[in-house]
Each structure stands twice: as structure tokens, then as C-alpha cells.
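# Notes for the structure review
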Amino acid sequence: MEERNLVISAFADYYQNAHFDIKSIEQREFGIGNIKKIDARHLNFPSVSDFRRYLSSNTPRFVSHSISYYDFPAATPMDRKKWRCADLVFDLDIHAEGKYGAYAKLPAMKQDAIRLLEDFIINDFGIHRSDTLLVFS
């Protein structure tokens, strides 16, 4: 139990000081999880400081937000949220054998992601680089 409390404390400390660059946070729906990836959803935070306070106090193992923007992100059912728009997201997956097989494929996947960003999203679609975010998870 002491080890678990130490881990929770470390997460709380991290959340206290982490940089959260979430565009229009007040229009996003959040999901959190401790046992499953999402145990609870339809959460909404009016500001980054409210989000930080929640994470520091509750220290979930998983947290995610919608790619969509809503007028009422905490509303249920979904049609009451009043969808506005969404981010454009590309998800590139690696399929490999064994627990660590994907590591050898990471450099090629990184190059594929950069090529998608530079050759298509920026050059073909005309989206400005400052309006993009490249994330590896």
C-alpha cells in the first residue's frame, strides 16, 4: 500500500506542474480511468486550472479528451452536447511480433508521420505548421 501511495503522490506532483496545452479546453469532453482506460466520461473543465486541480486531487491513471468541440461537453446523451467541429486526426499504428517488436519499426513510423505532415497536411492541404501537433504515444 505504501508503494501505491508513493506512485499516486508522484502523479499528483506531476499534474501540479505539468504543461497542458489543450485548445479550447472548456469545449472538450474528458474521460478518466483507473481500472479501465475510461471509467468515467462526460467530464468538462472550464479552465486549465480546474483541470489541473481535478487531476491533482483524483490522480487518475488515464485521462483523455475528445477531438470534438461541443457547446455543452458535459451533457448526456451525446446529442445534447451540440457538436460544433472536430480536430483532424491521423492515427498511425505499428504492427509487430512480440512485446518489443515495435521498437525496431519506430524510426520508419516517425518518418511516415513527418512525411504525412509535411507532404500532405502542410503542402497539399495548406494547413499552417503552427496549427498542427505531432504526438507519439
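Right, let's walk through the structure included here. Note that this is a predicted model, so its numbers are computed, not measured.

## Some thoughts on the layout of surface pockets
- In this structure, the largest pocket spans a volume of roughly 2,300 Å³.
- Along its surface, the largest pocket is lined by 48 residues, and I67, V89, L133, L134 and V135 are the ones closest to its centre.
- Elements supplying a minimum of two residues to the lining of the largest pocket: α1 (2-17), β1 (30-33), β3 (62-65), β4 (68-70) and α3 (106-122).
- Looking at the lining of the largest pocket element by element, the count peaks at 6 residues for α3.
- For the lining of the largest pocket, the per-class residue count stands at 29 nonpolar, 9 polar and 10 charged.

## Details of the sheet that holds β1
- Here we have 3 strands laid out as an open sheet, ordered β2-β1-β3, and antiparallel in their pairing. With one partner strand each, in any of the chains shown, β2 (40-43) and β3 form the two edges of the open sheet. For this sheet, the mean inter-axis angle between neighbouring strands, taken without regard to orientation, is 20 degrees.
- Where β1 meets β3, 4 bridges bridge the pair, whose relative direction is antiparallel. Counterpart to G33 in the pairing with β3 is F62.

## Quick look at the side chain of S56
- Relative to the helices and strands, S56 resides in helix α2 (residues 48-58).
- Taking relative accessible area as the criterion, S56 reaches 14% and is therefore assigned buried.
- Within the structure, the side chain of S56 is placed 3.4 Å from the side chain of Q16, a separation counted as a polar contact.
- Those residues in contact with S56, other than ones at most four positions away along the chain, are A12, Y15 and Q16.

## A look at the pairing of β1
- Both faces of β1 are covered, namely the face carrying F30 and I32 and the face carrying G31 and G33.
- Sheet topology places β1 next to β2; 2 bridges connect them, and they run antiparallel. Bridge pairing links I32 to A40 in β2.
- Once β1 ends, the chain turns through 6 residues before running back antiparallel as β2.

Rules and cut-offs
Residues numbered from 1 in each chain as written. Predicted model: local features only at pLDDT ≥ 70, side-chain atom pairs only at ≥ 80, totals over all residues. Heavy atoms only, no water. 1 Å grid on protein atoms, 1.4 Å probe; cavity = no way out; pocket = protein on both sides within 12 Å on 5 of 7 lines; lining within 4 Å. Points joined across faces, edges and corners; volume = space filled by probe spheres on them. Helix = DSSP H or I, 4+ residues; strand = E, 2+ residues; numbered from the N terminus. Nonpolar A, V, L, I, M, F, W, Y, C, P; charged D, E, K, R; others polar. Pairing = 2+ DSSP bridges. Axes fitted to C-alpha atoms, helices over the stretch in contact; angles between N-to-C directions. Buried < 20%, exposed > 50% of the residue type's maximum accessible area, 1.4 Å probe, protein only. Polar contact = N/O pair within 3.5 Å; in protein donor to acceptor, adjacent residues only side chain to side chain. Contact = heavy atoms within 4.5 Å.

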